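Working through the structure, step by step
Each chain, written out:
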Amino acid sequence: MLEWSDAGPDGSPGAGVLGELLRPLLTGGRVLVAGPHPAELLDAAAAGACELSVLLRSHSDACHLAEQHEATVYCGSLEKAAFPEAFDVVIALDGVERLTSSDHAAGSWAESLGRLTAMLAPGGTLVLGVENPLGVHRFAGDPSEVHQRADDDWAAVELDQSRPVNLERLTALLNDSGLTVGRSYAAYGHPAGPHLLLDVSVLETASAPTALAVAACVGVFGTPAAGYDARHLGRMAIAGGLGARVATRWVVMAHAAGGRPATSPVALTADADAAACWRLACELVPAAQGGWTRRARGDRTLRVSGRVTRTPELLDGPVPEGRFLAEILMAACARNDVVAIRELLVLFRRWVEGHGTGGRVPASTAFAVADNVVFDGTGFAMLDASWQLPGELDLDVALARILRHFAARLLDSGQWHPWSWQIGADRLTLTLLAMAGGTADGETVRRGAELDAEIGADVPGRAGPGRHGSEGGPGEWRESYRELYAARGRLRARLEEAQQKITMLERDLETAEAKLAKAVRAAKQAQRRDERPQPPEGFRLGRVITAPAAALRPVRRMFGTGSDGSAAR
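Residues numbered from 1 in each chain as written. Predicted model: local features only at pLDDT ≥ 70, side-chain atom pairs only at ≥ 80, totals over all residues. Heavy atoms only, no water.

The next thing to look at is the side chain of His255. With respect to the helices and strands, His255 occurs in strand S8 (residues 249-255). There is a polar contact of 3.2 Å between the side chain of His255 and the side chain of Thr125. (Helix = DSSP H or I, 4+ residues; strand = E, 2+ residues; numbered from the N terminus. Polar contact = N/O pair within 3.5 Å; in protein donor to acceptor, adjacent residues only side chain to side chain.)

Here is the structure:
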């Protein structure tokens, strides 16, 4: 396809935890990457001394890739592909949809899968990814993304009856192709870069690391939800044994006859949305006493950007379980249960206060945002405690940063809450601080916002420009954010000053209107007095009464007689 490119804004599957899963397979042999995949995966294959081949249908993408990587690039559709030799590893994390061209009628999904499996050498391994059409991202994502038709939707894939709609159907298709299915993973997170891979058998036979799965359902530490809350859906599905049914993607490792299944971990988690300078991958292992333990994989060197550091060793150990503080607070907000919100915030404040003394706490407690803290009914724990910040902070400033993040997330989600719809993040932060028993004033909120700007974009509880594939660290935009917040403060001050002037002008206008109304009433009263008829000068207004003298005698006694002795009239 000449005038075409598959390099869309959403990226290609293979980033994040998927790249960590494939790393042991890219250590030699002949490897075919079928379809568009991120450059990191191709770099890992080149570093593993693999004989790398790539199949793309876009001519422009193929030319660009050939210039950037040492690989044999084939351009065309899967139906016309002809390779001189079979491959030891075939990777198709995006399925088979983007392996066909619009130049001719493509075969069914099952037929394309058959052509793909035919490229495997004896004992070879196929790593196939298939997006779940009923995944959690379909329910909790942006509705416009779900219903929007992309340019490559010239074929109605959902009408293809051979396309697997569940993991059982996918396994059956692979078995019919002569492959033996090894591990099957349920992937959670962004379709192109999941944050968590869990062996499906774990979801069926053991308690899954629910906290990590819930976090992955909405992205790293709480991407604002749109539509239905993905955290609640993911938690209920896992609790009901349906975790694999709502996974974002299925990833299956199948092996041709004569091969030995490659060793792969039970579960993997990775910071798929974090910038490259912060990314860490961890392997999860079921603990003998119950629960899960994790250990950071790969590069375990200290990450540093400005004053913010991340220590991989701090991730090693048991994975805390419980419900996220944000989940509990949002559920209480939906019920208008202000009492429960206050009680929970008071408990949370005491827990944060317990990390220090005298109203001062370690600066690292600022990372204990509501989407990074779990509550098991008895106590709180940070899900990811690897983030560090030197020094100490005022307790209320740390709480202001934490609660301001939750306030912004609550308002962005559009969920019901007990407060006015006109309330802003800063005003809601003041309210939450007061409910927690802290110092609620504008200066505390301002210092919390400045701390948020210093921490940066790619750490727990921060949704900023550095997310979703940014390669830069937080230092690249920290100053811009600080300037933006300062400009926002100046504009708010000018707005308040203008509002005060408007209030004074309205008061003066009301006073002037009252004086005008009083003057109008006085003028009308004077006008009515002027228009009243006046008797002529010397004229007495009255009525002459004529009566006998005997009848006027009582009147004479009452009024007396005139000066000349005449009777009164």
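Structure's up, so let's keep going.
Between helix H11 (residues 325-334) and helix H12 (residues 338-353), the shortest axis-to-axis distance is 9 Å and the interhelical angle comes to 155°. In terms of orientation, H11 lies roughly antiparallel with respect to H12. Note on packing geometry: the crossing formed by H11 with H12 is left-handed. Facing H11, whose interface residues are Leu325, Ile328, Leu329, Ala332 and Cys333, H12 presents Ala340, Ile341, Leu344, Leu345 and Phe348. Among the residues making up the contact of H11 with H12, the classes are represented as 10 nonpolar, no polar and no charged. (Axes fitted to C-alpha atoms, helices over the stretch in contact; angles between N-to-C directions. Parallel < 35°, antiparallel > 145°, perpendicular 65-115°, else oblique. Left-handed = near helix turned anticlockwise from the far one by under 90°. Contact = heavy atoms within 4.5 Å. Nonpolar A, V, L, I, M, F, W, Y, C, P; charged D, E, K, R; others polar.)

All right, on to the sheet that holds strand S10 (residues 281-286) then. The sheet built from 12 strands is open, its strands ordered S3-S2-S1-S4-S5-S8-S6-S7-S9-S10-S11-S14 with mixed pairing. Each edge of the open sheet is held by one strand with a lone partner, namely strand S3 (72-75) and strand S14 (317-318). Its contacts with the sheet put helix H3 (residues 59-68) on strand S2 (51-56) and S3, and the angle it makes with S3 is roughly 175°. (Pairing = 2+ DSSP bridges.)

Moving on, we come to the side chain of Arg98. Mapped onto the elements, Arg98 comes out in the loop between strand S4 (87-92) and helix H4 (109-117). Residue classification places Arg98 among the buried positions, given a relative accessible area of 15%. Within polar-contact distance, the side chain of Arg98 engages the side chain of Asp94 at 2.6 Å. (Buried < 20%, exposed > 50% of the residue type's maximum accessible area, 1.4 Å probe, protein only.)

With that settled, the discussion passes to helix H14 (residues 425-436). Over its 12 residues, H14 extends 16 Å from the first C-alpha to the last, a length consistent with the 16 Å expected when each residue adds 1.5 Å. Taken together, the buried positions of H14 are occupied by Ala425, Asp426, Leu428, Thr429, Leu432, Leu433, Met435 and Ala436. Positioned one or two residues after H14, Gly437 has a phi angle of 90°, which is positive. (Expected span 1.5 Å × (residues − 1).)

Right, let's talk about the nonpolar core for a bit. Within the largest apolar cluster, 54 residues are counted, with the highest numbers of intra-cluster contacts made by Leu116, Leu126, Leu128, Leu174 and Tyr188. Here the element with the most residues in this core is helix H9 (residues 210-217); it accounts for seven residues. The residues touching Leu126, leaving out its near neighbours within four places in the chain, are Val90, Leu113, Leu116, Thr117, Leu120, Leu174, Leu179, Val252, Met253 and Ala254. Trp278, Cys333, Phe367 and Phe380 belong to the second largest nonpolar core, which has 45 residues in total. (Core = buried A, V, L, I, M, F, W, Y, C linked by side-chain atoms within 4.5 Å.)

It is worth spelling out H12 at this point. Three or four residues apart is the spacing at which side chains of an α-helix point the same way, because the helix has 3.6 residues per turn. For H12, with 16 residues, the first-to-last C-alpha span of 22 Å sits near the 22 Å given by 1.5 Å per residue. Within H12, the full set of buried residues consists of Ile341, Leu344, Leu345, Phe348, Arg349 and Val352. The buried side chains of H12 occupy one side of the element, clustering within an arc of 140° when seen end-on. Of the exposed residues in H12, the ones pointing more than 90 degrees away from its buried face are Glu343 and Arg350. In this structure, the buried residues of H12 make contact with H11, strand S16 (360-362), strand S17 (373-375), strand S18 (380-382), helix H13 (395-413) and H14. (Arc of directions from axis to C-beta.)

For the protein, per-residue confidence averages 78 on the pLDDT scale, and 76% of positions sit at 70 or higher. Per-element averaging of pLDDT across the protein places helix H6 (residues 143-147) at the bottom with 49 and H12 at the top with 94. Predicted confidence is poor over residues 142-146, with pLDDT under 50, and the contacts of this stretch with residues over four places away or in other chains come to three contacts. Every residue in residues 220-227 scores below 50 in pLDDT, and together they form 23 contacts with partners more than four places removed in sequence or on other chains. (pLDDT = per-residue confidence, 0-100.)

With that out of the way, let us pick up the pairing of S4. In terms of residue burial, S4 counts as a mostly covered element, since five of its six residues are buried. Of the strand pairs in this sheet, strand S1 (residues 30-34) and S4 are connected by three bridges, and their pairing is parallel. Paired with Val33 across the bridge in S4 is Ile91. Across five bridges, S4 lies against strand S5 (residues 120-131) in parallel orientation. Bridged to Phe87 within S5 is Leu120.

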